[in-house]
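Architecture at a glance
Each chain, written out:
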Amino acid sequence: MRFLTLFVVTICLMTFTLSFGETESPLEKSEALITELKFYDALIALEPLLTDDKKSEEQEKALWLANMLSKRLERILSDDYQEFYQARKGRGFIKGDLAKEWGKIDILYRLGAGFDWSEPGGVFMYRYAFLKRLVKLYPNTSWRPAAEYYLILEGNDIPRGPLSIDETLKALDAYVKKYEKSGLAEVYLAYLDIAHINHARWAFLMHPNVEGPCGPVVFPVKVSEKDKEDAAVLKAEALKYYGKIIVGSPWLYQRETALRYYKELKQNKATGHNFLWYD
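Note that the coordinates shown come from a computational prediction; the quantities given were computed from them, not determined experimentally.

Once that is clear, we can look at helix 9 (residues 144-153). For helix 9, the full list of buried residues reads A146, A147, E148, Y149, I152 and L153. Against the buried residues of helix 9 lie helix 5 (57-88), helix 8 (129-137), helix 10 (165-179) and helix 11 (185-206). After helix 9 finishes, the residue E154 shows a positive phi value of roughly 55°.

Here it is, written out as structure tokens:
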């Protein structure tokens, strides 16, 4: 009788445990996987919320979490793909697109992640598709102020997305004016972008003969007086924003980086071109 009672209790406990596991939410599953550093699996765990047409507080959180995970996955997926490519290079039985055969990116496309392959860097780049969807579905989300910054460049290190350099600069300027008193860390990222663009433009005017990505300059360019005047304005603007970062950024690394560029610009060194071109 005792055995029968123990058996019944055990079955009940197992049923309860299994039921609890089955009712664990996608967010809870994802967060548990993050603690194990399984970022790809954590993103996949959010699929029920990411593919649901019904709006909810859980979906809003899932979109932000999926956005953060996707940014984290850029380098991880790029390294994984390179390993996959090298392991199959030259094998005749492999047919079709390697990325499709690899499968991971196709799954992320199904979830609406929006990754692109960047040929210059040989990496996958996340274009903030989840963030775009978050702002569209939940325009008053608490994450909107941060989202507005990341959607200006859409994952690019330098202005080469849907906006021109001038439009990018205007968008960044509007962003810092809107949020400069908010205390947002993204404001300092925008400061650095503004400083970089002005620094690079100064460099192209004052040091036009520096070897670029296409090789050495064949026909040397002479710096005119007008160029020097325009460059002085750009230099002052870049120094101003580097200064804002040096005295106020919450990140030590960013403060030290801004200080290095500030010193180089002060000394009129031929640096800064790479802020507007890929090496």
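Another aspect to go through is the packing of helix 9 against helix 10. When two helices pack together, their arrangement is given by the angle between their axes and by how far apart the axes lie. Axis separation between helix 9 and helix 10 bottoms out at 10 Å; the angle between their running directions is 170°. On the basis of their axis angle, the class for helix 9 and helix 10 is roughly antiparallel. Note on element contacts: helix 10 touches helix 9 through T168, A171, L172, Y175, K178 and Y179, opposite P145, A146, E148, Y149, I152 and L153. Looking at the contact of helix 9 with helix 10 residue by residue, the classes come out as nine nonpolar, one polar and two charged.

Turning next to the pairing of strand 2 (residues 123-126). The side-chain alternation of strand 2 yields two buried faces, one formed by V123 and M125 and the other by F124 and Y126. Examined bridge by bridge, strand 1 (residues 115-118) and strand 2 share four bridges and lie antiparallel to one another. For F115, the partnering residue across the bridge sits in strand 2 and is Y126.

By secondary structure assignment, the location of G103 is in the loop between helix 6 (98-102) and helix 7 (104-111). The class for G103 is buried, based on a relative accessible area of 18%. C-alpha of G103 to C-alpha of Y81: the two residues are 22 residues apart in sequence and 9.9 Å apart in space.

Moving on, we get to the pattern of salt bridges. Under the defined criterion, the tally for this structure stands at 16 salt bridges. The salt bridge involving E57 is made with K61; its shortest N-O contact spans 3.4 Å. Highlighted residues: E57 and K61, both in helix 5, separated by four residues, approximately one helical turn. E57 gets classed as partly exposed once you look at its relative accessible area, which sits at 49%.

For the pair helix 12 (residues 225-248) and helix 13 (residues 252-266), the least separation of the axes is 8 Å and the interaxial angle reads 155°. With respect to each other, helix 12 and helix 13 are oriented roughly antiparallel. Remark: the crossing between helix 12 and helix 13 carries left-handed chirality. Across the interface between the two elements, K235, A238, L239, Y242, G243, I245 and I246 of helix 12 pack against Q254, R255, A258, L259, Y261, Y262, L265 and K266 of helix 13. Its residues placed into classes, the contact of helix 12 with helix 13 shows ten nonpolar, two polar and three charged.

The rules behind the values
Residues numbered from 1 in each chain as written. Predicted model: local features only at pLDDT ≥ 70, side-chain atom pairs only at ≥ 80, totals over all residues. Heavy atoms only, no water. Buried < 20%, exposed > 50% of the residue type's maximum accessible area, 1.4 Å probe, protein only. Helix = DSSP H or I, 4+ residues; strand = E, 2+ residues; numbered from the N terminus. Contact = heavy atoms within 4.5 Å. Axes fitted to C-alpha atoms, helices over the stretch in contact; angles between N-to-C directions. Parallel < 35°, antiparallel > 145°, perpendicular 65-115°, else oblique. Nonpolar A, V, L, I, M, F, W, Y, C, P; charged D, E, K, R; others polar. Pairing = 2+ DSSP bridges. Salt bridge = Lys/Arg side-chain N within 4 Å of Asp/Glu carboxyl O. Left-handed = near helix turned anticlockwise from the far one by under 90°.

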